[in-house]
Amino acid sequence: MTSPVWHPFFQHGLDEPIPPVASARGALLHLTDGRSLIDGISSWWVTTHGHCEPRIAAAIARQAATLDQLIFAGYTHAPAEEVARGLIDIAPRFDGQPRLAHVFYSDSGSTAVEVALKMALGYWHNIGQPQRHRILVMQHSYHGDTIGAMSVGERGVYNAAWTPLLFDVGTVPFPAPGSEQACLDALEAACAERPAAFIVEPLILGAGGMLVYPANLLREMAAICRRHGVLFIADEVMTGWGRTGTLFACEQAGVVPDIMPVAKGITGGALPLAATLASAPIFEAHRSTDRARLFYHSSSYTANAIACAAAAANLAIWREDDVLARIAGLSDAIAERMARLSGHPAFANPRQLGAIAAIDLRTDDAGYLSDLAPRLRAWFMERGLLLRPLGNTIYIMPPYCIGATQLDAIFAALHDAGEIFGPHA
């Protein structure tokens, strides 16, 4: 019987197989037919400590038996309060002092970005400068699939149908090697026009192709925004929770943003939850005796108590375990294997940032809609791997619990993919 489920980022007309997954543990997904897959992309970048992490699972069970859901408009509960304080404690700081002071909950990375954009425009509106409403973005960026998040992302086939709904933005070129100054000059000129905010994926652009740029450029971008009074939004949805080698990517540049969306790994990947952290001035611009100035955003499941309990358990793991040391070991293991792969003639542009690595398979059929991507995806699955190339870019972003043997299996498959699908094949 044909399933009624409509899957995301999946072309049902191609009749590709959709394998049912029965269970998961650590870095492994177990299919209903008895096979197992190594999860090389953390199930879309969310699973950090591993699937079904016992401490997070136990916290979910306890909370589900106590308080499941509560309207968050004017009510609160202990897990939400605990997580908010925990997020402020671990967020990037300025001269050792917390600058991000308030936490607004939502449900996904996209909505966390929507909240950030609305906060920025609400700030300028409420302090009497509503003309400052233009948003600056970086070329090749991706911030989600809701309308505002699409508006501040790269335009292309993946959002062409909704072009009438998207608002206009100013675009700064990506600082590819050799064009760093052009990026900074373009940002300086755009900020001189007094826009509302600049939103950026810090250090690495995810869905845009795992494009990496150095921390000193991120620091310069933040400084330019500061000089012109432009709000700086660092989208840490993907880069947060250790992926780049530090808890948040901004730390590597010594940058504290005005607004910072976080999601994905906030619950260790167990449940959907997101948060947008904001500085005190952003919050104070919305606090008033005038009810018309309140922040008009919510969802029915804002700060769901069970999801917050999972996030609290995740924060406890970060406090109690040396997760960064584990990530450092994983990063070294990935670097060693990438070095062996990088000399293969089928590949180009090897790159790594923390526990994220990517490499491009040389092909005339490049780009997001490359026919190579679904062929690679199916071939990797036959090899027992969950990998999802971005066009001809193959990347790995595994859970931090992945073992050496599992990493070896991934890189052996990458090598063989070069032999089979490379230009010389």
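Residues numbered from 1 in each chain as written. Predicted model: local features only at pLDDT ≥ 70, side-chain atom pairs only at ≥ 80, totals over all residues. Heavy atoms only, no water.

The protein chain is annotated in an unreviewed UniProt entry as Adenosylmethionine-8-amino-7-oxononanoate aminotransferase of Sphingobium amiense. As its UniProt record puts it under Catalytic activity (unreviewed entry), the protein chain is described as follows: "(8S)-8-amino-7-oxononanoate + S-adenosyl-L-methionine = S-adenosyl-4-methylsulfanyl-2-oxobutanoate + (7R,8S)-7,8-diammoniononanoate". (UniProt positions renumbered as here; feature names shortened; annotations may be inferred.)

J.: Quick one: what's the story with the sheet that holds strand 2 (residues 28-31), residue by residue and with numbers?
T.: Reading across the sheet, the 4 strands line up as 1-2-3-17 and stay open at both edges, with mixed pairing between neighbours. A single partner strand is all that each edge strand has here, and the edge strands are strand 1 (21-25) and strand 17 (385-386). Where strand 1 and strand 2 come together, 4 bridges link them in antiparallel fashion. Each bridged residue has a counterpart across the sheet, and for R25 the counterpart in strand 2 is L28. (Pairing = 2+ DSSP bridges. Helix = DSSP H or I, 4+ residues; strand = E, 2+ residues; numbered from the N terminus.)

J.: Would you mind going over the pattern of salt bridges in detail, with residue names and values included?
T.: Per the counting criterion, the structure on display carries 15 salt bridges. In this structure, the salt-bridge partner of R134 is D168, at a minimum N-O distance of 2.9 Å. Residue R134 is located in the loop between helix 4 (109-126) and strand 7 (135-138), and its partner D168 is located in the loop between helix 5 (147-151) and strand 8 (170-172); the two are separated by 34 residues in the primary sequence. Since its relative accessible area comes to 56%, D168 is described here as exposed. Where salt bridges share partners, they join E53, R55, D321 and R326 into one cluster. (Salt bridge = Lys/Arg side-chain N within 4 Å of Asp/Glu carboxyl O. Buried < 20%, exposed > 50% of the residue type's maximum accessible area, 1.4 Å probe, protein only.)

J.: Kindly report on the pairing of strand 14 (residues 274-279), identifying the contributing residues and their values.
T.: Across the 6 residues that make up strand 14, a large majority, 6, are buried. The two faces of strand 14 match: A274, T276 and A278 on one face and A275, L277 and S279 on the other face are all buried. Sheet topology note: the strand 6 (residues 100-106)/strand 14 ladder contains 6 bridges and is antiparallel. Its bridge partner being in strand 14, S106 is matched across the sheet by A274.

J.: Which residues make up the pairing of strand 7, and what are the values?
T.: Burial along strand 7 is two-sided: the face carrying I135 and V137 and the face carrying L136 and M138 are both buried. Note that strand 7 and strand 9 (residues 197-200) share 2 bridges and pair parallel. Paired with L136 across the bridge in strand 9 is F198. Where strand 7 lies against strand 8, 3 bridges are found, and the strand directions are parallel. Residue pairing in the sheet places L136 in a bridge with G170 of strand 8.

J.: How would you summarise the domain arrangement of the protein chain if you had to cite specific residues and measurements?
T.: Segmentation of the protein chain into domains returns domain 1 (12-52 + 323-421) and domain 2 (67-320). Here domain 1 and domain 2 have C-alpha centroids that lie 27 Å from each other. If you look at the interface, domain 1 gives 24 residues, while domain 2 gives 25 residues. At the junction of domain 1 and domain 2, the tally comes to 0 salt bridges. Taken together, the connections running from domain 1 to domain 2 amount to 13 residue pairs in polar contact (both at pLDDT 80 or more). When the residues that make up the side of domain 1 that touches domain 2 are grouped by side-chain class, the tally is 17 nonpolar, 6 polar and 1 charged. (Domains from an automatic or database assignment. Contact = heavy atoms within 4.5 Å. Polar contact = N/O pair within 3.5 Å; in protein donor to acceptor, adjacent residues only side chain to side chain. Nonpolar A, V, L, I, M, F, W, Y, C, P; charged D, E, K, R; others polar.)

J.: Explain the packing of helix 2 (residues 54-64) against helix 9 (residues 305-320) to me, and be specific about the residues and the numbers.
T.: Helix-helix packing is described using two parameters, namely the angle between the two axes and the distance between the axes. Axis separation between helix 2 and helix 9 bottoms out at 8 Å; the angle between their running directions is 145 degrees. Between helix 2 and helix 9 lies a crossing whose hand is right-handed. Facing R55, I56, A59, I60, Q63 and A64 of helix 2, the residues of helix 9 in contact are A305, I306, A309, A310, A313, N314, I317 and E320. Tallied by class, the residues present in the contact of helix 2 with helix 9 amount to 10 nonpolar, 2 polar and 2 charged. (Axes fitted to C-alpha atoms, helices over the stretch in contact; angles between N-to-C directions. Left-handed = near helix turned anticlockwise from the far one by under 90°.)

J.: Summarise the UniProt feature "binding site: pyridoxal 5'-phosphate" (unreviewed entry) in the protein chain; cite the residues concerned and give the values.
T.: Under the local residue numbering, the UniProt record ascribes the feature "binding site: pyridoxal 5'-phosphate" (unreviewed entry) to G109, S110, D235, S299 and S300. These residues run over 192 residues, and the two farthest C-alpha atoms among them are 23.5 Å apart, placing them at more than one spot. Within the fold, D235 resides in the loop between strand 12 (231-234) and strand 13 (259-262). Among the residues examined, D235 registers a relative accessible area of 6% and is labelled buried. Aside from chain neighbours lying at most four places away, what touches D235 is V113, Y142, H143, V200, E201, P202 and P261. A distance of 2.7 Å separates the side chain of D235 from the side chain of H143, its partner in a polar contact.

J.: Talk me through the environment of A280; I want residue IDs and the actual numbers.
T.: Position of A280 relative to the elements: it lies in helix 8 (residues 280-286). Sequence spacing of A280 and P98 is 182 residues, and the spatial spacing of their C-alpha atoms is 10.0 Å. Other than its neighbours up to four places away in sequence, A280 contacts R99, A101 and H102.

J.: Explain the sheet that holds strand 18 (residues 393-396) to me, and be specific about the residues and the numbers.
T.: Strand order in this open sheet of 3 strands is 15-16-18, and the pairing throughout is antiparallel. A strand with exactly one partner marks an edge of an open sheet, and here the two such strands are strand 15 (347-353) and strand 18. Each strand of the sheet is rotated relative to its neighbour by a mean of 15 degrees, with strand direction disregarded. Alignment of strand 16 (residues 356-361) against strand 18, held across 4 bridges, turns out to be antiparallel. Following the sheet pairing, A357 is matched in strand 18 by I396. Of the strands in this sheet, strand 15, strand 16 and strand 18 touch helix 12 (residues 404-421), which is tilted by about 175 degrees from strand 18.

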